[in-house]
Amino acid sequence: MDAVLTCLVDEKIEAGEMNARLSEAVCSFFESSGAISLESPSLALLYALRSLGCENNAKVMISALAPSWQYFALEAFGFEVLVLDVDTKTGLVDFSVIFEGVKNGAKILILHEPFGLSLPFSVFEQIKSLGIFLIEDVSQSVGAVVLEDEEADSETETLDEKNGQKAGTFGSYSIMALGAFDALTVGGGAVLFAQKKREWTILNQIFENAPKTHLLGDVSSALAYMQFRALSKNDEARAFVFRSYTRSLLGGNNRKNAPFERKNGDAFRAFPVVLSQNFKEAQQYAEKKGVEIVRAFEDSVIAHILKTDGELSADSYPRARSLYLRTALFPLYPRMKAEMTERVGRVLSTLP
């Protein structure tokens, strides 16, 4: 917090030193060619699409469980949005759905990776073979490592980065949003980065004439920077609580309440549970026990579709719709007190 207080005391509010330090930290972590810390994820997406040379009417694929800002931003920028249904076990889009999207003329995929989960290495290879542009959304999956399939499915847990590739390093560009439900919770902003020198050169040239107000201010940058430095330590704490929750859930009264399917290398970003019952009933039960739960996909694309009478129908995305209605997010923070962790564990083990 010292960096944040320094910005406030010195009245360094606009983008400056801390913005640059955040971008440099992201570059170092992902071993990318360059990064820009921006005022919003929508701006990050706009600059990524401009850098790819995409025409305004191009078809862009997004997950039905992606945050709704992706849908609104693409519509505002004049792109045709192709919403994809998801796998019920992971909440991720699978290759068969992506392949159908490409057959329908889509050339760009924005890959949302919810709650620290990522696609198998082999699926990334399949996506690469399609010859489409990939923009990776690592807002919730930063810290995950995509291992070779055999090691990812091994019963022995491992997170050896030498045997895999970090989530966020597969796309032409990657976006790390800094919202309330993301890995770094600044409340707004995003970091856009490019792995290869060619993509970074194009992005840097396009951004040269951009207004300075597009950059993330130093106060928010400082807060994000401090959280980013503590990411590894915080992830260890989250992993400990996550495993405790899993034991409580799987050993509970109702085995039909299930966690998402995970593999070795996935990050412990949050604890979503696919309920066997109505969400509101589970919410009321948890509240009586002193635990607050929320819908895991409250601000998702499918949530927007369900709440509006637009051109899209929720019936076209049955798996995403089911997960939206039945998935609850339980409290998981790196500095949770033992008493709160035990309380949440008791709720998980006694969920009706």
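Up top is the structure.
So, a few notes on the structure that sits alongside this text. (Residues numbered from 1 in each chain as written. Predicted model: local features only at pLDDT ≥ 70, side-chain atom pairs only at ≥ 80, totals over all residues. Heavy atoms only, no water.)

### What about the overall build of the protein chain?
For the protein chain, the count of helices and strands is 14 helices and 13 strands. For the protein chain, the C-alpha radius of gyration of 20 Å lies close to 20 Å, the compact-globule estimate for 352 residues. Its C-alpha atoms put the protein chain at 60 × 55 × 45 Å along the principal axes. Sequence separation of at least 24 residues holds for 73% of the intrachain contacts in the protein chain that already meet a minimum separation of 6. Working note: accessible area of the protein chain is about 16,500 Å², and carbon and sulfur atoms make up 49% of it. (Helix = DSSP H or I, 4+ residues; strand = E, 2+ residues; numbered from the N terminus. Rg over C-alpha atoms; globule rule 2.2 N^0.38 Å. Contact = heavy atoms within 4.5 Å. Areas by Shrake-Rupley, 256 points an atom, 1.4 Å probe, with all protein chains shown as cover.)

### Here's the deal with the sheet that holds strand β11 (residues 271–274)
The pairing of strands in a sheet happens through backbone hydrogen bonds and is either parallel or antiparallel. Pairing is antiparallel in the open sheet, where four strands are placed in the order β10-β11-β13-β12. Of all the strands in the sheet, just β10 (258–259) and β12 (294–295) have a single pairing partner and so form its edges. Pairing of β12 with strand β13 (residues 327–330) involves two bridges; the strand directions are antiparallel. Along β13, the bridge assignment pairs arginine 295 with alanine 328. (Pairing = 2+ DSSP bridges.)

### Overview of the nonpolar core
With 73 residues, the main nonpolar core has Leu45, Leu74, Leu109, Ile135, Leu192 and Ile302 as its most contacted residues. When residues of this core are assigned to their parent elements, the largest contribution, six residues, is made by helix α3 (residues 41–51). With sequence-adjacent residues up to four places away left out, leucine 74 is seen in contact with Leu45, Leu49, Val60, Ile62, Phe79, Val81 and Ile110. Residues Phe30, Met176, Val191 and Phe228 belong to the second largest nonpolar core, which totals 25 residues. (Core = buried A, V, L, I, M, F, W, Y, C linked by side-chain atoms within 4.5 Å. Buried < 20%, exposed > 50% of the residue type's maximum accessible area, 1.4 Å probe, protein only.)

### Quick word on the packing of aromatic side chains
If you walk through the whole model with that rule in mind, you get 14 aromatic pairs. Aromatic side chains phenylalanine 115 and phenylalanine 260 sit 6.3 Å apart centroid to centroid with 50 degrees between the ring planes, which places their arrangement in the tilted category. Of this pair, phenylalanine 115 sits in the loop between β4 (108–112) and α6 (121–129) while phenylalanine 260 sits in the loop between β10 and β11; the two residues are 145 residues apart in sequence, bridging distant segments of the chain. Residue classification places phenylalanine 115 among the buried residues on the basis of a relative accessible area of 6%. When the ring centre of phenylalanine 29 is taken as reference, the NZ or CZ atom of lysine 166 above it lies at 3.7 Å. In this arrangement the basic side chain of arginine 262 is found over the ring face of phenylalanine 242, its NZ or CZ atom lying 4.6 Å from the centre. (Phe/Tyr/Trp six-rings, centres within 6.5 Å; stacked < 30°, edge-to-face > 60°. Lys NZ or Arg CZ within 6 Å of the ring centre and 35° of its normal.)

### Description of the environment of leucine 351
Its location among the elements puts leucine 351 in the segment after α14 (338–350). Put simply, leucine 351 and glutamate 261 are 90 residues apart on the chain and 19 Å apart in space, counted from C-alpha to C-alpha.

### Quick word on the pairing of strand β2 (residues 59–63)
Most of β2 sits inside the fold, with four of its five residues counted as buried. Inspection of the sheet shows β2 paired to strand β3 (residues 80–84) by five bridges, in the parallel sense. For serine 63, the partnering residue across the bridge sits in β3 and is leucine 84. Each parallel crossover has a hand, and the one from β2 via helix α4 (residues 68–77) to β3 is right-handed. (Right-handed = clockwise from strand over helix to strand, strands pointing away.)

### Some points on unusual backbone geometry
Residue glutamate 31 is not a glycine yet carries a positive backbone phi of 55 degrees. Locating glutamate 31 in the fold gives a position in the loop between α2 (17–30) and β1 (34–38). Of the residues examined, glutamate 31 reaches a relative accessible area of 68% and is grouped as exposed. Unusually for a residue other than glycine, phenylalanine 115 sits at a positive phi of about 60 degrees.

### Regarding the pairing of β1
Where burial is concerned, most of β1 is hidden: five out of the five residues are buried. Side chains Gly34, Ile36 and Leu38 of β1 all project onto a buried face; the interleaved residues Ala35 and Ser37 project onto the opposite face, where all are buried too. Judged from the five bridges that link them, β1 and strand β9 (residues 190–194) form a sheet pairing that is antiparallel. Within β9, the position partnered with serine 37 by the bridge is valine 191.

### Brief notes about the pattern of salt bridges
Think of it this way: side chains of opposite charge can pair up when their charged atoms draw near. Counted by the stated rule, this structure contains 10 salt bridges. Of the charged contacts, one joins glutamate 199 and arginine 198 as a salt bridge, the two residues approaching to 3.9 Å between their closest N and O atoms. Taking the relative accessible area as the measure of exposure, glutamate 199 reaches 13% and is therefore buried. In this structure, the salt-bridge partner of lysine 307 is glutamate 298, at a minimum N-O distance of 2.9 Å. (Salt bridge = Lys/Arg side-chain N within 4 Å of Asp/Glu carboxyl O.)

### A short note on α14
With 13 residues, α14 extends 18 Å between its outermost C-alpha atoms, agreeing within 8% with the 18 Å of an ideal straight helix rising 1.5 Å per residue. Those residues of α14 not exposed but buried are Thr341, Val344, Gly345, Val347 and Leu348. For α14, the arc enclosing every buried residue in end-on projection is 160 degrees, short of the 170-degree limit, so these residues lie on one face. Across from the buried face of α14, at angles greater than 90 degrees, the exposed residues are Ala338 and Glu342. The elements touched by buried residues of α14 are α10 (231–250), β11, α11 (279–288) and β13. (Expected span 1.5 Å × (residues − 1). Arc of directions from axis to C-beta.)

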